[in-house]
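# Structural description and commentary
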Amino acid sequence: MADTPATSATSSTPAGSTTGMAWRPAGRTRRSTRTLRVRTSAAVMVVIVLAVLVVPPLAQLDQQAVDLSAKLQPPSWTHPFGTDDVGRDLLLRCVYGLRVSLLVGLVAALVATVIGTAVGAAAGALGGWTDRVVMRAVDTLSAIPHLLLGIFIVAMFRPGVWPVVVSVAVTHWLSTARIVRAEVLSLRGRPYVDAAVSGGASRWRVAVRHLVPGVLPQAGLAAVLMIPHAMWHESALSFLGLGLPAHQASLGSLVQSARGSLLAGDWWPTLFPGLLLIVPTLAIAGLAGAWRERLNPRRRSELTL
């Protein structure tokens with residue numbers, strides 16, 4: 001009999017509230033983890049952007065300055081990233097290389113997103129034979145390896161930044177076109193689009209006023225996710241010697257020139273350029289993940305259980 005009040009008190013607690021109490025700490029932990037990830041990613045990107053914008057004008061140093069007496073020095077206070085095989089400061093060269101990679105990534109992602117959005121929106125809005133022809137062309141181009149097609153495009157021009165931008169943009173708009181087309185097809189079934197069509201609006205007006213604005217968030221997310229992909233593509237071309245001129249620093253060319261040093265046991269000429277490719281990729285992926293959760297409320301509600 002003494003245990004009856006405790007038993008009744010326990011049984012009087014609703015099952016739903018017990019479940020909520022059990023899940024609430026886990027949901028709070030997930031939210032705090034996502035917040036920490038987003039803040040860390042944003043802080044890393046701020047540091048990277050400030051470095052590529054501020055360091056080159058303030059340093060007033062020549063990234064090509066050769067000092068054979070200081071070649072292959074390990075990281076130190078004088079040279080935080082060490083020096084390469086001809087005595088050039090690796091920190092300065094990595095900053096210049098990251099600057100080029102970010103420029104190529106941003107511009108190529110923007111151009112590819114514009115092309116992919118235009119093609120995908122046209123295919124989804126017009127439908128019919130236009131949609132079939134356009135998407136078959138997209139499938140055909142997708143069957144060609146991006147790197148091989150990029151090498152072919154770059155080989156037609158002199159080495160430089162803009163041939164690499166064209167190469168990356170031309171080979172990376174296909175996925176954006178598919179995403180935009182699928183979103184347009186989803187929007188075409190919405191009630192407000194049906195109302196606009198019933199009211200006599202033309203296809204062009206419906207596309208401009210309703211369909212294109214509706215796909216811009218997804219297109220923007222695709223552009224953000226394309227930036228690290230474009231950076232790696234540019235680095236691969238530079239690693240193969242087909243990207244930038246030999247006198248212009250690039251993360252890919254820095255890794256390529258450090259292969260001999262790595263075999264000799266000097267790890268820093270390869271490590272730091274590689275890290276400057278990986279760190280921005282992880283930071284952009286963290287920010288894009290938060291953006292994706294905001295675009296998809298259903299998934300966001302599932303993650304906060």
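## Some thoughts on the overall build of the protein chain
Check the secondary structure of the protein chain and you find 13 helices and zero strands. Of the regular secondary structure in the protein chain, the N- to C-terminal order runs α-α-α-α-α-α-α-α-α-α-α-α-α. Looking at the protein chain as a whole, 37% of its 305 residues are labelled buried. Sequence-distant contacts in the protein chain: of pairs separated by 6 or more residues, those separated by 24 or more amount to 72%. With an accessible surface of roughly 17,000 Å², the protein chain has 68% of that area assigned to carbon and sulfur atoms.

## Regarding the pattern of salt bridges
The full count for this structure, using the stated rule, is five salt bridges. In this structure, Arg181 engages Asp131 in a salt bridge whose closest nitrogen and oxygen atoms are separated by 2.7 Å. Residue Arg181 is located in helix α7 (residues 174-187), and its partner Asp131 is located in helix α4 (residues 128-142); the two are separated by 50 residues in the primary sequence. Given the relative accessible area of 10%, Asp131 is considered buried. Notably, a salt bridge pairs Asp139 with Arg178, separated by 2.8 Å at the nearest N-O pair. Highlighted residues: Asp139 in helix α4 and Arg178 in helix α7, separated in sequence by 39 residues. A residue is classified by how much of its surface remains accessible, and Asp139, at 32% relative accessible area, is partly exposed. Residue classification places Arg178 among the partly exposed positions, given a relative accessible area of 33%.

## A look at the packing of helix α3 (residues 90-126) against helix α6 (residues 161-172)
Two numbers describe how α3 lies on α6: the axes approach to 8 Å, and their chain directions differ by 40°. Put simply, α3 runs oblique to α6. Between α3 and α6 lies a crossing of right-handed hand. Here Leu103, Val104, Val107, Ala108, Val111 and Ala112 of α3 come into contact with α6, specifically with Val161, Trp162, Val164, Val165, Val168, Ala169 and His172. Across the contact of α3 with α6, the residue classes break down as twelve nonpolar, one polar and no charged.

## Quick look at the packing of aromatic side chains
Tallied over the entire structure, the rule returns three aromatic pairs. Note on Phe81 and Phe272: the rings are 4.2 Å apart at their centroids and 5° apart in plane angle, and the pair reads as stacked. Separated by 191 residues along the polypeptide, Phe81 in the loop between α2 (15-59) and α3 and Phe272 in helix α12 (residues 268-295) bring together distant segments of the chain. The same class applies to Phe81 and to Phe272, which are both buried. Aromatic side chains Trp267 and Phe272 sit 6.2 Å apart centroid to centroid with 45° between the ring planes, which places their arrangement in the tilted category. Judged by relative accessible area, which is 14%, Phe272 ranks as buried. Three or more aromatic residues joined by ring pairs form one cluster here, namely Phe81, Trp267, Trp268 and Phe272.

## Considerations on the packing of helix α5 (residues 146-155) against α6
At a minimum axis distance of 9 Å, the contact between α5 and α6 shows a crossing angle of 145°. Considering only the axes of α5 and α6, their crossing is right-handed. In contact with His146, Leu149, Gly150, Ile153 and Val154 of α5, α6 contributes Pro163, Val164, Val166, Ser167, Val170, Thr171 and His172. Here the contact of α5 with α6 is built from residues that sort into seven nonpolar, five polar and no charged.

## Let's talk about the confidence of the model for the protein chain
In the predicted model, the protein chain carries a mean pLDDT of 78, and 82% of its residues have values of at least 70. In this model, residues 1-24 is a region of pLDDT below 50 whose contacts with residues beyond four sequence positions or in other chains number three contacts. Low pLDDT, under 50, characterises residues 298-305; the stretch is placed with eleven contacts to residues that sit more than four places away or in other chains.

## Here we look at α3
Between its terminal C-alpha atoms α3 stretches 53 Å, which fits the 54 Å expected from 37 residues at 1.5 Å a residue. For α3, the N-terminal cap is Asp89; the gap from its side-chain oxygen to the backbone nitrogen of Leu91 is 3.3 Å. Positive backbone phi, approximately 65°, marks Gly127, located one or two places after α3.

## What to know about unusual backbone geometry
With the exception of glycine, most residues fall at negative phi, and the peptide bonds are largely trans. If you check the backbone angles, Leu72 has positive phi at about 55° while not being a glycine. Locating Leu72 in the fold gives a position in the loop between α2 and α3.

## What to know about the side chain of Ser250
In this structure, Ser250 sits in the loop between α9 (203-239) and α10 (251-257). Since its relative accessible area comes to 0%, Ser250 is described here as buried.

## Details of α4
The first and last C-alpha atoms of α4 sit 21 Å apart over 15 residues, in line with the 21 Å expected at 1.5 Å per residue. Where α4 is buried, its residues contact α3 and α7.

About the criteria used
- Residues numbered from 1 in each chain as written.
- Predicted model: local features only at pLDDT ≥ 70, side-chain atom pairs only at ≥ 80, totals over all residues.
- Heavy atoms only, no water.
- Helix = DSSP H or I, 4+ residues; strand = E, 2+ residues; numbered from the N terminus.
- Buried < 20%, exposed > 50% of the residue type's maximum accessible area, 1.4 Å probe, protein only.
- Contact = heavy atoms within 4.5 Å.
- Areas by Shrake-Rupley, 256 points an atom, 1.4 Å probe, with all protein chains shown as cover.
- Salt bridge = Lys/Arg side-chain N within 4 Å of Asp/Glu carboxyl O.
- Axes fitted to C-alpha atoms, helices over the stretch in contact; angles between N-to-C directions.
- Parallel < 35°, antiparallel > 145°, perpendicular 65-115°, else oblique.
- Left-handed = near helix turned anticlockwise from the far one by under 90°.
- Nonpolar A, V, L, I, M, F, W, Y, C, P; charged D, E, K, R; others polar.
- Phe/Tyr/Trp six-rings, centres within 6.5 Å; stacked < 30°, edge-to-face > 60°.
- pLDDT = per-residue confidence, 0-100.
- Expected span 1.5 Å × (residues − 1).
- Polar contact = N/O pair within 3.5 Å; in protein donor to acceptor, adjacent residues only side chain to side chain.

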